[in-house]
Amino acid sequence: MSQTHAPTKAVIPAAGLGTRFLPATKAMPKEMLAVIDTPAIEFVVREAADAGLDDVLLITSRTKKSIEDHFDAVPDLEAALAAKGDTAKVDLVRASSNIATVHSVRQQNPAGLGHAVLCAAQHVGNEPFAVLLGDDLIDERDKLLREMLDVQGQFGGSVIALMEVDPAQSHLYGCAAVTPTDRDGVVRVNDLVEKPAPGTAPSNYAVIGRYVLDPAVFDVLRETPPGKGNEIQLTDALLTLANLPAEQGGTVYGVVFTGRRYDTGDKLGYLQAVVQLASEREDLGPAFTGWLREFSAGLPQA
Ligand code: UTP
């Protein structure tokens with residue numbers, strides 16, 4: 001069980017193979033796919049920093065060096081732009097190096113999300129911490145992580161994010177069985193199933209990519225055998241935590257999220273993120289939405 005510190009660290013697993021986005025991800029991390037002009041993972045690092053977690057640990061792998069580079073400084077590029085007097089672009093280049101203190105550790109083989117989180121054990125120590133999936137975008141106007149940190153402060157234990165999904169989609173997610181608490185939008189998690197077979201999900205509440213975890217999760221993960229897909233599943237470890245007594249770091253709560261989320265590791269989710277965010281950008285929105293209206297008017301009726 002954790003000492004009583006509020007979380008200060010965020011862990012961003014980004015070592016997965018990204019097979020849903022092949023062939024783009026053959027030689028390039030899916031987390032570096034540009035959402036307009038910004039790699040998806042930059043939004044995630046910003047979200048952590050905005051919630052007050054400016055110590056960020058990236059879980060990467062041999063093929064993900066460009067992610068580490070993106071958060072580093074590039075003195076020669078900055079010097080070349082400065083020599084041309086292009087201070088706006090110097091600021092753009094510098095912005096991603098100054099969001100947070102970014103560390104990285106490598107997951108030597110992609111043995112699953114649970115295994116990736118376990119790679120953070122030494123860096124995190126004995127404090128509660130947040131996990132944000134590197135391809136899962138939460139709109140910056142929806143302060144989900146802040147609310148989860150607040151719920152963890154009030155209830156203790158671990159906190160996961162849940163979103164109601166169409167039952168036909170449940171088999172793509174981890175799903176939770178829940179009971180209400182006395183706080184609106186917050187539930188107690190009693191059961192969790194990773195990617196349930198169609199028709200067997202315990203509810204329509206799907207687990208999405210934000211977690212605030214008690215460090216007891218590390219000992220649980222060390223004992224968690226490979227599950228679905230022969231991977232060490234974070235969902236399996238969370239179910240063990242949900243059934244542990246509070247004094248051993250157990251109990252899991254869920255914050256029910258009703259805001260905007262984009263799964264940029266999925267082709268459709270990626271396209272939705274680009275279209276939605278481009279429509280809302282001050283510089284691009286007016287021209288883009290003008291074109292989009294014309295384009296959609298010409299589409300055949302569904
Ligand atoms: P995903 O299942 O979305 O990632 O894992 P994936 O395995 O890369 O995706 P597909 O299904 O093959 O397209 C959720 C998050 O966990 C990370 C991924 O990088 C992603 O951010 N992950 C997954 C790891 O860091 N290591 C792993 O072994 C597996």
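Everything numeric in this text was worked out from a predicted model, so none of it was measured.

Draft legend 1. Highlighting the overall build of the protein. Check the secondary structure of the protein and you find eleven helices and 13 strands. In summary, the protein has a C-alpha radius of gyration of 20 Å against a globular reference of 19 Å for 302 residues, a match within 12%. If you line up the protein on its principal axes, its C-alpha atoms span 60 × 50 × 35 Å. Taken across its 302 residues, the protein has 47% of its residues classed as buried.

Draft legend 2. Up close: the pairing of strand S12 (residues 252-256). Where burial is concerned, most of S12 is hidden: four out of the five residues are buried. Of the pairings in the sheet, the one linking strand S8 (residues 158-164) to S12 comprises five bridges and is parallel in character. Bridged to Ser 158 within S12 is Val 252. Two elements, strand S10 (residues 186-194) and S12, share three bridges in a ladder whose sense is antiparallel.

Draft legend 3. Broad picture of the site of the ligand. In the region of the ligand, 19 residues are neighbours, and Gly 18, Thr 19, Arg 20, Gln 107 and Gly 112 sit closest. Interatomic distance of 2.9 Å between a backbone N/O atom of Pro 13 and an oxygen atom of the ligand. Take Gly 112: an N or O atom from its main chain is 2.8 Å from an oxygen atom of the ligand. For the ligand, the accessible surface in isolation is 570 Å², of which the surrounding protein chains cover 85%.

Draft legend 4. Seen up close, the packing of helix H10 (residues 267-280) against helix H11 (residues 285-297). It is the contact of H10 with H11, at a shortest axis distance of 6 Å, that shows an interaxial angle of 125°. The angle between the axes of H10 and H11 places the two elements in the oblique class. On H11, the residues touching Val 275, Ala 278 and Ser 279 of H10 are Gly 285, Phe 288, Thr 289 and Leu 292. Of the residues assigned to the contact of H10 with H11, the class counts are four nonpolar, three polar and no charged.

Draft legend 5. Highlighting the packing of aromatic side chains. Counted under the stated rule, the structure contains five aromatic pairs. With 5.0 Å between their ring centres and 10° between their planes, Phe 129 and Phe 218 make a pair best called stacked. Of the two residues, Phe 129 is situated in strand S6 (residues 129-132) and Phe 218 in helix H8 (residues 216-222); the sequence distance between them amounts to 89 residues. Accessibility classification places Phe 129 together with Phe 218 in one group, the buried group. Note on Phe 155 and Tyr 253: the rings are 4.7 Å apart at their centroids and 50° apart in plane angle, and the pair reads as tilted. Pair noted here: Phe 155 is in helix H7 (residues 144-155) and Tyr 253 is in strand S12, with a separation of 98 residues, a long-range link. For Tyr 253, a relative accessible area of 11% translates into the label buried. By the ring-pair criterion, three or more aromatic residues cluster together here, those being Phe 288, Trp 291 and Phe 295.

The rules behind the values
- Residues numbered from 1 in each chain as written.
- Predicted model: local features only at pLDDT ≥ 70, side-chain atom pairs only at ≥ 80, totals over all residues.
- Heavy atoms only, no water.
- Helix = DSSP H or I, 4+ residues; strand = E, 2+ residues; numbered from the N terminus.
- Rg over C-alpha atoms; globule rule 2.2 N^0.38 Å.
- Buried < 20%, exposed > 50% of the residue type's maximum accessible area, 1.4 Å probe, protein only.
- Pairing = 2+ DSSP bridges.
- Near = heavy atom within 4 Å.
- Polar contact = N/O pair within 3.5 Å; in protein donor to acceptor, adjacent residues only side chain to side chain.
- Areas by Shrake-Rupley, 256 points an atom, 1.4 Å probe, with all protein chains shown as cover.
- Axes fitted to C-alpha atoms, helices over the stretch in contact; angles between N-to-C directions.
- Parallel < 35°, antiparallel > 145°, perpendicular 65-115°, else oblique.
- Contact = heavy atoms within 4.5 Å.
- Nonpolar A, V, L, I, M, F, W, Y, C, P; charged D, E, K, R; others polar.
- Phe/Tyr/Trp six-rings, centres within 6.5 Å; stacked < 30°, edge-to-face > 60°.

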